[in-house]
Structures are given as structure tokens and as C-alpha cells.
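One-letter residues, chain by chain:
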Amino acid sequence: MATDRLISDDYPMPAMRRLRVYAFDPQASIELDSAVINDAVITLPWENRWEDPLEIGPVNEYLEVIDYDPACGIFYAPVDLNHPVLLAQDGLPPSEGRPQFHQQMVFAVAMRTIRTFERALGRPVLWAGHNVDAAPDRNFSKRLRIYPHALREANAYYSPDKRALLFGYFKAQRPEGAIGADDGNWVFTCLSQDIVAHETTHAILHGVYRRSVDASNVDSLAFHEAFADIVALLQHFSMTGVVEHQITRSRGSLRIGNLLTGLAEQYGRATGRNGALRYALETITAEGQEQAPAKIATLADTTEPHARGGILVAAVFDSFVTIYERRTADLFRIARGELAGGGVLSPDLVARLASEAAKAADHVLRMCVRALDYLPPMDTRFGEYLRAIITADNDLVADDPMRYRVAVVEAFKKRGITVPGCISMAPDSLLWEDPQPHDWPSAPELLTELFGDLLSTLVIDAQFGGRAREIDKPGDPYVPESPNRRNLRELTMLTTQFNQGKIHDWLNTSSPQRDNPAWEKLLGIMLLANPADKSILTWEADDKGFDPHRHLLGAPRVEVHSARVARRSGPDGQELQQLIVQLMQKRRGYFEQSDQDLAIAGDKAALADRWDTPDFWFRGGATIQIDLRDGRLRRIIRKRVTNDDRLAEERAFRTGDTLGLAVNKPGGPHRAEPFAFVHRSQS
């Protein structure tokens, strides 16, 4: 009897897509001890119905891999991850000599990093748009482009200008004493899981926090580098087999340098180092040794971005190790007999320790990622990031019986990362302040209701219902690529742009509330004309984009950089739903105080062309958090553009620090590609 064949739509869709990668990099596959663990598989959720399907390239909802090699003038054939042969074997097997595997690996690692951020942030990842300086608000890119073979040099970087990840390849330095004509093997940075995760994090951070690429203080680029390292390092612990192998070797300790605690081993060796490019535990390994511990590096010891960022990485990793040790203390007490006399850990104990390490790493990584929504919108300092970590974790998980937040604070404090102005380094003292009645003295009882009128005009959830049609009208800045199918990530972009426009109009519409000077003080931004300081950028009648129906002549300009909804869940079912709004404005900055005084006085004639093109733009603004469960104003994190002390600090940084000057030189190439410059400075 003939049997009708099922058509493909009748089969259930797979839950996950499995792709093979190097757990670390190709170097680990040619060393006997690590070769057994270096072939790994990354498991990604299968594409949802509301996302663009995965196509040849690979190309999907978030990423577009373009494999052009400009040094050779060749386009390499793209991989088809939906081919039945590849689906049957979890993609191509690891191979240095097959460009299609290179494409598969960068795609898999980048997508895993994206999913990690979405789980912590509680919303889709969006990429920064084209020409952020010209159109800072309502501006996104659909996809991040990845070029696995973009450069023939020892470098890899995220390009804010191209909205792309560019990976290099190069000949390794010939090892000293090597015999033969070979001058070194080819090293492909796109095959290092650490490097791919690091560069993807740069792109994600830029999309979340648009002005994070500006070098405005000694911590700014260091924070970008450190944060990318933190993500790459903590993602190591999601690979169960690798963690079990390394824990067996170290007998359960994570305070010993190994593959888990280093970054980019092959790259480090190929560029003349003895081991990994950077180690998380360089400053704390000595603490686990019997001899007197070495001096722990502090922020006062260096201003170089990678070195300074390494101190932040060490602080976060130290706190993770401390949390792991607290979670496993009972297991080590039970296994005391096993460990006596140098005994080997049992497989069951190794599995439990690896599980606890993975849980602790995931917890700390989520703490670090959630903190991004608790930072001021520009000019980040390490101390502010500490406050952001503590506040974000406290908002979602108020009860901290294991004292994780204390572990974080202690690790930061040991490295000289402090918070000026706080009465102590106790976690409750580091929380960003809640709004107080004196912030709105005219009607303090209405403080939590000030944003009610605004919320009623916004689209908080446009997946269903009539409000969805409001943001699909022609002329919106972002046009959906799929007009016949509702793509929820595209809808998120449209919703964000729609809400940014509504917030911008609300801030610029005259009302008794808006025209009250106390409103400026509450928000931390300038809204009313200030004759005493004309250096702040204001709306003028001849300005491009000036609309007399939407803008107040002579009023300070306000950019709405973000208006995003975050929905997060805690470990015990806690829920947090917030609207995160980032406001930004700028002020003319000059290296000479005499020129600054002319700008404050509004003397355009004396400054001539330098009125429109100052030495630098000094920025200020605020991050506003509104609780969507009750419409309450939860928090305002301010950095005022009128702060002359901060202006003086930024002027001193830009004129006195070699790296800061090079990155910020007007019109210089390093301003468009800050990460290429910073990365080359360390190779």
C-alpha cells in the first residue's frame, strides 16, 4: 500500500540548532592534553516564526556574514547551515583550512553572545545605526555584518563606522630556536572563540549605550575593553565538558591559571607572548599560593586602556571565584578525605563542581549585563559601574543571603575601585538614590505620577491590537524588510523609534510642568534657555531639522538615545518591567579656558568657525527608569551638562593623555575606529 509522504510543514520544527566550534582556538587542538576538549558544540534556539529565516551566508535576523578577503581579492563561497548533510552532523567539523567553517564559527559564537545578552537584558539586541552623530535618536541597523577575513594583520575589531566585525589573519612569529624554512603558521582571529565573543560584545554595548565609544575619561575605552573580556571569560563556563576537564586538573580551584582563566591563547603565543593574550587571574593567582601574596594591581597603577581594563576584569572574576567557593564549600568539606594526600576528585564531585561554576558564572554575567541599564548615558567611570551592578541586582533580587553583592564590592575595593561621594562601601550605600520629595517641592505627593501623561502616549507592547498600526505608518525612520510578515524584532525597532519621538515631543512641548525650573533639576537636563551659559547647543531658526511646531527657539537641544522596555525575571520568579530612557545633550568644549569663556558668553564672532566646530563636544544627560507595573518613577541617574568640574576633567584628559588625544583628534581616523587603534596598541 502506498504511503503518502509528509510535506516539510507537517514535521515538527527542531527546538535547537547545534553547530560545531573550537572551544578555544586551533592551538588547543594540537596539544594532547587540551585536544580532547577543544571540539565543542554551541546549541542555539531554532529560528522562531517571527524572525527572519536562516539563509546561506550565514544570514539571519541579527547577523550577515560576508566572507570577502581583500588581501586576495576573493569572495569565499558561503556556507549553507540548512543543508541536510550539515544538519545531520551539527555543521562542518572544525578546520583551519576551510573558510566555510570560519563562517560557521563566527556566526555560532556571535549568536550565543547575543542570546546571553537578551536573556539578561529582557529585550532584543539592537545594533547602533548609521551616522550616530548626525541622527543620534531613532536610528538602528538591521544586521551586524561580520567579515571573517577582512584584514591581513594581527588584529580584530568592531567598527562603529561600518557597523561590522572585522577579523584579521596573519603569520605567527617564528618561535625562537625553530628549525626549518617555515616562518610560522597562519593564525585566524575568527577561529578564537574569545576574540569573536569579545568583538561581538563591543557591538552589543555600542547598541545599548551609544556614547560608550567616546573616549571622554581614562575609564571610558578601558570599560569597553574590560566588559568585552568579562563576557568572553564568563562564557567559558557554559561549556560543561571543558569546565569538568579543567576542574579535574586544578582539583577544584579556579584561582590557578589555565584555559578557563586566559583569553586568546593562540593569538598571545603568535604575537610573541608566553601564553594567553590576557589572563583574568594575573592579579589574584598569587593570593592562592602559600608564599606572601604579590601586590594586587590597582587603578592608580596605570592609565593604559587594556591594563586598566584588566583591573576591572580581575575584580569581576575575583568576585565570581569567591561566589563559586562559597557555593561549593560544603562539597569540599564532604570530599575532604578524597582530597587528602593529593587524591583525585571523583567524577561525581567534578560534575557537581562544574555545575556550580556554571551557575555562578551565569549569575555574575547577568549581574554585569543588567547593570548596563543603570549607567548614565555617557562618560562611564568604574565606580559608577560598581553602583550599577549593585543597584540592578538589588532591584531584581532584593534578598541576598549568600552575600554575592558583598563579594563584588570587596573585590572592587581591593583594586582601588571606589565611589567618591558615598558614605561607605556597604552595598546599601552604593545603591543609586530613589527620587526624593524635595526633588519636586511644588507637589511632592505627585512625584510618582509625573510621567503618567507620557506613558499614556507610548506603545509599550505593540504585538497585538490597534496600537501596533500606529507605528507602521509610512514615513517612519525604519522600514520593515518583511511587509507581509510581522517580525517582532523589527517591531521592537519601530516601537522604540515611535516612543523616542513621543518622548522628544513631550520634552519640547511647553507646559507648566516643563517650564518649571525644578523640572530641569529633577531630570538632570537643561530645557529652558540659559542666558548665563550659551555654550550649550540650542535650537536656532536656521538649524537643519528645526521645526517650530516641535522645537522651542533658543531652548537647549535634547536627544532621546533610548526608550526601551525591559522585562526581566529573577531566580525565584521575581518580575521587573521597566521603561529605560536615555536623554543626552551637549555643550561646546574648548582646550583653552579663554575660548570656553567666549563660548559661555555666546561670542560667535570671536570664535568664528570654531563656534560650530569646537575642540570637543562635552556631553551630559540622564538615564530615567520608570516601573511599568505602576507607572512609578523609579530612578534618575544624572550627569549634568552644566557640571563645570566634569568639563575641566574631560579637558584635562583630552589634552594630557596621549591615547585620549589620538582617539579624539577631530577628523582623525581613530575617532571613527577607536577599537582598531586600541587593539593595535597592544599587538
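Above this text sits the structure in question.
My aim in this report is to walk through the structure given alongside it, one point at a time. (Residues numbered from 1 in each chain as written. Predicted model: local features only at pLDDT ≥ 70, side-chain atom pairs only at ≥ 80, totals over all residues. Heavy atoms only, no water.)

1. Overview of the pattern of salt bridges
Side-chain pairs of opposite charge can arise where the charged atoms are in close proximity.
In step 1: This model, assessed by the stated rule, comprises 44 salt bridges.
In step 2: Among the ionic pairs, Arg-249 bridges to Asp-33, the shortest N-O distance being 2.8 Å. A residue pair is termed long-range when its members are at least 10 positions apart, and Arg-249 in helix H6 (residues 240–250) and Asp-33 in helix H1 (residues 32–38) qualify at 216 residues.
In step 3: Among the residues examined, Arg-249 registers a relative accessible area of 55% and is labelled exposed.
In step 4: When its relative accessible area of 38% is taken as the criterion, Asp-33 is described as partly exposed.
In step 5: For Arg-619, the salt bridge is made with Asp-214, and the minimal N-O distance between the two is 3.9 Å. A residue pair is termed long-range when its members are at least 10 positions apart, and Arg-619 in strand S16 (residues 616–627) and Asp-214 in the loop between helix H4 (193–208) and helix H5 (220–235) qualify at 405 residues.
In step 6: Using a relative accessible area of 9% as the deciding quantity, one classes Arg-619 as buried.
In step 7: Connected via shared salt-bridge partners are Asp-52, Glu-61, Lys-142, Arg-143, Arg-489 and Glu-490. (Salt bridge = Lys/Arg side-chain N within 4 Å of Asp/Glu carboxyl O. Helix = DSSP H or I, 4+ residues; strand = E, 2+ residues; numbered from the N terminus. Buried < 20%, exposed > 50% of the residue type's maximum accessible area, 1.4 Å probe, protein only.)

2. Describing the sheet that holds strand S17 (residues 632–639)
In step 1: An order of S14-S15-S16-S17 is seen for the four strands of this open sheet, with the pairing classed as antiparallel. With partners counted over all chains shown, the strands left at the sheet margins are strand S14 (559–569) and S17, one partner each. This sheet shows a mean twist of 20° between the axes of neighbouring strands, independent of strand direction.
In step 2: Both S14 and strand S15 (residues 575–589) contribute to a ladder of ten bridges, which runs antiparallel. (Pairing = 2+ DSSP bridges. Axes fitted to C-alpha atoms, helices over the stretch in contact; angles between N-to-C directions.)

3. A word on the packing of helix H11 (residues 382–396) against helix H12 (residues 404–414)
In step 1: The geometry of H11 relative to H12 is characterised by a closest axis approach of 10 Å and an angle of 175° between their N-to-C directions. It follows that H11 is roughly antiparallel to H12 by the angle criterion. Contacts from Phe-382, Leu-386, Ile-389, Ile-390, Asp-393 and Asn-394 in H11 reach Arg-405, Val-408, Val-409 and Phe-412 in H12.
In step 2: Of the residues belonging to the contact of H11 with H12, the class tally is seven nonpolar, one polar and two charged. (Parallel < 35°, antiparallel > 145°, perpendicular 65-115°, else oblique. Contact = heavy atoms within 4.5 Å. Nonpolar A, V, L, I, M, F, W, Y, C, P; charged D, E, K, R; others polar.)

4. Let's talk about the side chain of Arg-387
In step 1: You can see Arg-387 is positioned in helix H11.
In step 2: Residue classification places Arg-387 among the buried residues on the basis of a relative accessible area of 9%.
In step 3: Excluding residues that lie within four positions of it along the chain, Arg-387 makes contacts with Val-419, Cys-422, Leu-430, Leu-431, Trp-432 and Glu-433.

5. Overview of the pairing of S17
In step 1: In terms of residue burial, S17 counts as a mostly covered element, since six of its eight residues are buried.
In step 2: Of the pairings in the sheet, the one linking S16 to S17 comprises seven bridges and is antiparallel in character. Residue Gln-625 lies in a different strand from S17, and its bridge partner there is Arg-635.
In step 3: In this antiparallel pair of consecutive strands, S16 and S17, the connection spans four residues, and Gly-631 shows a positive phi of 75°.

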